[in-house]
Amino acid sequence: MIARTTGRPDLADAGLAFFSTWRVGSPERAKAAVDAIAHAWESRPWPHAGLLSYSVHEGVGADEGTLMHHSQWRDEAAYDDFFRGLSDSTGNGRDERNAEIDAAVPGIERLGLYRTRRCRSGGLADPDAVPGLIVLTRTAFDAPDADRQRAWVDAVFEAAEGGGPLSSGDVRAHFHLSLGGATVVTCAEWTGAEVHDAALAVPGVTGRYRLALSLVPGPAA
């Protein structure tokens, strides 16, 4: 079973996280794509027990007309097991769902996919605050270096102790290390777009989004 929920996935609750972006061209096409995604998922069984959640976010402001997809997996073994089963004849693989979505909204551009593991999370003084904006940031290094990835994240937390962005109380940031070792993907939950607008510009911002669809296995929560 698949349940649509108004709750947000816990971004700290996964061993493996995937982020991907689609360009659909306009806010109207984005909404149509979200509807098509919902149908493609909800008309099929949940793909795998190791998939914890799947959510889609609509771009806001300059990012209107794009979608950001976020899937959380229990661990790499679960995803590998799912991937090995993609060639089965159940019609429940990624390609089958994407074909249905493309038929409903032709011309979607799939811009990229980041496979990551969460490294650290922090910020946001009120743990019960409901984020109004998701900001995705990519920091790329010139070569794969896992130690450098972790050192960069640690430096951000050290800066927060000195009054950096994470100390503002308006943002919770989740730092993910790409499996390839050359990129840090930061998924930041801000209390609202206005607060983010007032903050200092952050290099590497790849998109600003609001939650449009959140799916989990099982009965509706």
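Residues numbered from 1 in each chain as written. Predicted model: local features only at pLDDT ≥ 70, side-chain atom pairs only at ≥ 80, totals over all residues. Heavy atoms only, no water.

Colleague: Quick one: what's the story with the overall build of the chain, residue by residue and with numbers?
Modeller: The number of helices and strands found in the chain is five helices and nine strands. Secondary structure of the chain in N-to-C order comes out as β-β-α-β-β-α-α-β-β-α-β-β-α-β. Put simply, of all contacts in the chain between residues at least 6 apart along the chain, 78% involve residues at least 24 apart. Roughly 10800 Å² of accessible area belongs to the chain as shown, and the carbon and sulfur atoms make up 52% of that amount. (Helix = DSSP H or I, 4+ residues; strand = E, 2+ residues; numbered from the N terminus. Contact = heavy atoms within 4.5 Å. Areas by Shrake-Rupley, 256 points an atom, 1.4 Å probe, with all protein chains shown as cover.)

Colleague: Residues and numbers for helix α3 (residues 94–104), please.
Modeller: The set of residues buried in α3 consists of Arg 97, Asn 98 and Ile 101. Within α3, the buried residues cover an arc of 95 degrees as seen down the axis, which keeps them to one side. When the buried face of α3 is taken as reference, the exposed residues oriented beyond 90 degrees from it are Asp 95 and Ala 103. Of the surrounding secondary structure, the elements contacted by the buried residues of α3 are β2 (16–23), α1 (27–42), α2 (76–84) and β5 (109–123). (Buried < 20%, exposed > 50% of the residue type's maximum accessible area, 1.4 Å probe, protein only. Arc of directions from axis to C-beta.)

Colleague: Outline the pairing of strand β9 (residues 205–217), listing residues and values.
Modeller: In this structure, strand β1 (residues 2–4) lies alongside β9, joined through three bridges in antiparallel fashion. Opposite Arg 4, over in β9, you have Leu 215 as the bridge partner. One ladder, built from six bridges, connects strand β3 (residues 51–59) with β9; its direction is antiparallel. Bridge pairing in β9 places Val 56 opposite Leu 213. Judged from the four bridges that link them, strand β6 (residues 133–140) and β9 form a sheet pairing that is antiparallel. Residue pairing across strands places Thr 137 opposite Val 205, the latter belonging to β9. (Pairing = 2+ DSSP bridges.)

Colleague: I'd like to hear about the packing of α1 against α3, residue by residue, with values.
Modeller: A pair of packed helices is characterised by two quantities: the angle between their axes and the separation of those axes. As a packed pair, α1 and α3 sit with axes 9 Å apart at the nearest point and diverge in direction by 145 degrees. Crossing geometry of α1 relative to α3 is assigned as right-handed. Residues Ala 36, Ile 37, His 39, Ala 40 and Trp 41 of α1 form the contact with α3, whose own contacting residues are Arg 97, Glu 100, Ile 101 and Ala 104. For the contact of α1 with α3, the per-class residue count stands at six nonpolar, one polar and two charged. (Axes fitted to C-alpha atoms, helices over the stretch in contact; angles between N-to-C directions. Left-handed = near helix turned anticlockwise from the far one by under 90°. Nonpolar A, V, L, I, M, F, W, Y, C, P; charged D, E, K, R; others polar.)

Colleague: Describe the nonpolar core, naming the residues involved and giving the relevant values.
Modeller: Counting 27 residues, the largest nonpolar core has Ile 37, Trp 41, Leu 67 and Trp 73 as its most contacted members. Residue assignment for this core shows that the elements contributing at least two residues are β2, α1, β3, β4 (66–73), α2 and β9. Looking at this core element by element, the count peaks at eight residues for α1. With residues up to four places along the chain from it excluded, the contact list for Trp 41 reads Ile 2, Trp 46, Pro 47, Leu 51, Tyr 54, Arg 97 and Leu 215. Counting residues in hydrophobic clusters, the runner-up holds 15 residues, among them Cys 119, Ala 173, Leu 177 and Val 184. (Core = buried A, V, L, I, M, F, W, Y, C linked by side-chain atoms within 4.5 Å.)

Colleague: I'd like to hear about the pattern of salt bridges, residue by residue, with values.
Modeller: Applying the stated criterion across every chain, the model contains ten salt bridges. For Asp 102, the salt bridge goes to Arg 110, with nearest N and O atoms at 3.0 Å. According to the relative accessible area criterion, Arg 110 is partly exposed, its value standing at 35%. One salt bridge in this structure joins Asp 142 and Arg 148, with 3.1 Å as the shortest N-O distance. Judged by its relative accessible area of 71%, Asp 142 falls in the exposed class. Residue Arg 148 is classed as partly exposed on the basis of its relative accessible area, which comes to 39%. (Salt bridge = Lys/Arg side-chain N within 4 Å of Asp/Glu carboxyl O.)

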